[in-house]
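# Residue-level structure breakdown
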Amino acid sequence: MDAEKEKNVKHFLDLIQKSRKGKFKVYIGMSAGVGKTYRMLQEAHTLLKKGIDVKIGYVETHNRKETHELLAGLPVIPRRTIFYKGKELEEMDVQAIINLRPEIVIVDELAHTNIEGSKNEKRWQDVLEILDAGINVISAVNIQHIESLNQNVKDITNVDVQERVPDNVLRLADEVVNIDLTSDELITRLKEGKIYTEDKIQAALNNFFKSDQILQLRELALKEVASQVVRKVENEVPKNVALRHEKLLACISSNDKTAKRIIRKAARLASYYNSNWYVLYIETPNESSDKIALDKQRYLINNFKLATELGAEVIKVQSSNITDAILDIVEQKDITTVCIGKPHLNLFKVILSTNVFNKLLNNLSSSNIDLVILS
């Protein structure tokens, strides 16, 4: 009982601690120069006019005239000076921010690596410390610095980005905002000298700032923000009023050719809807591993592999009741569309004479879930 009490007390303290944490807002952009820092400084001015205690913890203007001018009139927390390898360098002063306790602090370049000898290796770790102290943070990061997108970015730009932010840091954000420009707008800004100095413009145009690359990075940024919004909706909007996000469930059997066809067609549908999808195999007692032929087992494993390669999550369950097993997974995974193969018999006869399909159709229709029969 004492252990149970201790567990309850810890849970309550965790809830209190969570409620005391600062709110976290992140601006994401497809590349340098889209205007993330500019937007943060604009927001700081707006907040200041409303009487909110906002301070600049760290901002990097890169000597961009328009951005630098926006710093005027904003309270800046002095940076900490560090001597490193005979040079005098500056870093954000995390302790000064925590001591001053502003209501909101602006912290640029979330992926930045701190100078050796700093308390934290990365700036995102500094930000987590500031949030834990109950201070709200507005920050910014480019899409190429997100850990899980590292290989995608390398494939697009041929650059292996070294400074990276773990995905779970972004998931902690209360708000994620995309700063979006077309590739033409971004290249125009570059050519006008609004991103880099004149001596760096041509090199940038030849390397990172190619139209096709910007377009692909823009797509990554839009998808990342969209996924963050979907997560927020799922967590915060009651299910009965939330906009329905498509989730597909493709049901396969050990029939190799039919299963392949269902998997490929379901993959196309999932791609069309840009949705999560699952492949479900229900192992009935007469298809247990000691009863099913070896070649069928091999085909089944190959189909699981194909489904995974096409982006599905494979689910394998053992059940003697196919309908109940499908409906259980539909409920667990919030499925919106169930995909099955075309029955061998005339569909009308199946609906009238087969309890499995009759029950499945009745249950899905009453739950407002679509059933797609793939030929």
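Just above sits the structure.
Since the model is a prediction, treat every value here as computed from it, not as a measurement.

### Remarks on the side chain of Thr-67
In this structure, Thr-67 sits in helix H3 (residues 65–69). In this structure Thr-67 touches Thr-37, Tyr-38, Leu-41 and Thr-61, once residues within four positions along its chain are discounted.

### Quick word on helix H2 (residues 36–49)
Here H2 spans 20 Å end to end across 14 residues, near enough to the 20 Å set by a 1.5 Å rise per residue. Within H2, burial applies to Lys-36, Thr-37, Met-40, Leu-41, Glu-43, Ala-44, His-45 and Leu-47. In the core, the buried residues of H2 are packed alongside strand E1 (24–29), strand E2 (54–58), H3, strand E5 (104–107), strand E6 (136–142) and strand E7 (175–179). Immediately downstream of H2, the backbone of Gly-51 shows phi near 85°, a positive value.

### Looking at the pairing of E6
In terms of burial, E6 is a largely internal element, 6 of the 7 residues being buried. Where E1 and E6 come together, 6 bridges link them in parallel fashion. Across the sheet, the residue bridging to Lys-25 is Ile-138, located in E6. Bridge count for E5 against E6 is 4 bridges, and the pairing is parallel. Its bridge partner lying in E6, Val-107 is registered against Ser-139. Chirality of the crossover, the property in question, places the unit of E5, helix H5 (residues 123–132) and E6 among those that are right-handed.

### Some words on unusual backbone geometry
One non-glycine residue with positive phi stands out, namely His-62, at about 55°. Mapped onto the fold, His-62 is located in the loop between E2 and H3. Given the relative accessible area of 39%, His-62 is considered partly exposed.

### A look at the side chain of Thr-284
Assignment of secondary structure puts Thr-284 in the loop between strand E9 (276–283) and helix H12 (294–309). When residues no more than four places from it in sequence are discounted, the contact partners of Thr-284 are Ser-319 and Ile-322.

Each value, and the rule that gives it
- Residues numbered from 1 in each chain as written.
- Predicted model: local features only at pLDDT ≥ 70, side-chain atom pairs only at ≥ 80, totals over all residues.
- Heavy atoms only, no water.
- Helix = DSSP H or I, 4+ residues; strand = E, 2+ residues; numbered from the N terminus.
- Contact = heavy atoms within 4.5 Å.
- Expected span 1.5 Å × (residues − 1).
- Buried < 20%, exposed > 50% of the residue type's maximum accessible area, 1.4 Å probe, protein only.
- Pairing = 2+ DSSP bridges.
- Right-handed = clockwise from strand over helix to strand, strands pointing away.

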